[in-house]
Amino acid sequence: MIETTTAQTAEAAAQGAQIIDVREDFEVADGMIPGARHIPMGQVLARLDELDKGRPVSVVCRSGNRSGRVAEALTSLGYEAYSVAGGMMQWQSEGRRVEIPA
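A brief structural summary. Since the model is a prediction, treat every value here as computed from it, not as a measurement. Sequence positions are assigned chain by chain, starting from 1 and proceeding in written order. Where totals are concerned, whole chains, interfaces and linings use all residues; where local detail is concerned, this predicted model gives features only for residues with pLDDT of at least 70, and gives and counts side-chain atom pairs only at 80 or more. Water and hydrogen atoms play no part in the side-chain values, which are based on all heavy atoms of the structure.

Numbering goes from the N terminus for both helices and strands, where a helix is a DSSP run of H or I of at least four residues and a strand is a run of E of at least two. The helix and strand inventory of the protein stands at four helices and five strands. Reading the protein from its N terminus to its C terminus gives the helix and strand order β-α-β-α-β-β-α-β-α. We compute the radius of gyration from the C-alpha atoms alone; for a globule the expected value is 2.2 Å times N to the 0.38, where N is the number of residues. Relative to a compact globule of 102 residues, whose C-alpha radius of gyration would be 13 Å, the protein shows 12 Å and is just as compact. With the C-alpha coordinates aligned to their principal axes, the bounding extent of the protein is approximately 35 × 25 × 25 Å. Type-normalised accessible area, obtained with a 1.4 Å probe on protein chains alone, sets the label of each residue: buried when under 20%, exposed when over 50%, and partly exposed for intermediate values. In the protein, which comprises 102 residues, the proportion classed as buried is 39%. Residues are treated as being in contact if the distance between any of their heavy atoms lies within 4.5 Å. Contacts spanning at least 24 positions in sequence make up 66% of the contacts within the protein whose residues lie at least 6 apart. Only four residue types enter the tally: Lys and Arg on the positive side, Asp and Glu on the negative side, with His and both chain ends excluded. One atom stands in for each charge, and that atom is NZ of Lys, CZ of Arg, CG of Asp or CD of Glu. Of note, the protein has its 10 positive side-chain charges centred 1 Å away from the centre of its 14 negative side-chain charges.

Moving on, we come to the environment of Ala17. Relative to the helices and strands, Ala17 resides in the loop between helix 1 (6-14) and strand 2 (18-21). For Ala17, a relative accessible area of 28% gives the class partly exposed. With residues near it in sequence (within four places) discarded, Ala17 still touches Ala12 and Arg55.

Further remarks concern the packing of aromatic side chains. For this analysis, a ring pair means two rings from Phe, Tyr or Trp (six-membered ring only for Trp) whose centres lie within 6.5 Å, classed as stacked if their planes differ by under 30 degrees, edge-to-face if by over 60, and tilted for the remaining angles. One pass over the full model with this rule turns up zero aromatic pairs. When the ring centre of Trp91 is taken as origin, the NZ or CZ atom of Arg96, which lies over that ring, is 5.6 Å away. A ring has a charge above it when a Lys NZ or an Arg CZ is no more than 6 Å from the ring centre and no more than 35 degrees off the ring normal.

See below:
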């Protein structure tokens, strides 16, 4: 599994990168990385059509555990996938901006 830092993820998000948040609904209610798409971990494989295989994908969860497993699965399917180290706990501890989903 390849990890990416929150700083690298913030830069990628600002440039419109593919970021998927694999947390559950109740978790994303507290905020997501701006521009991220919410696809709960259990739905990722069924929703691969929502991802562009030709572009890198950053995967985030609460702490980095679930995102690591999803990033490994995506990599095995031919995606260039990265797990956001520390997840949303790290993102928010750094005071980074979040969006509250509608």
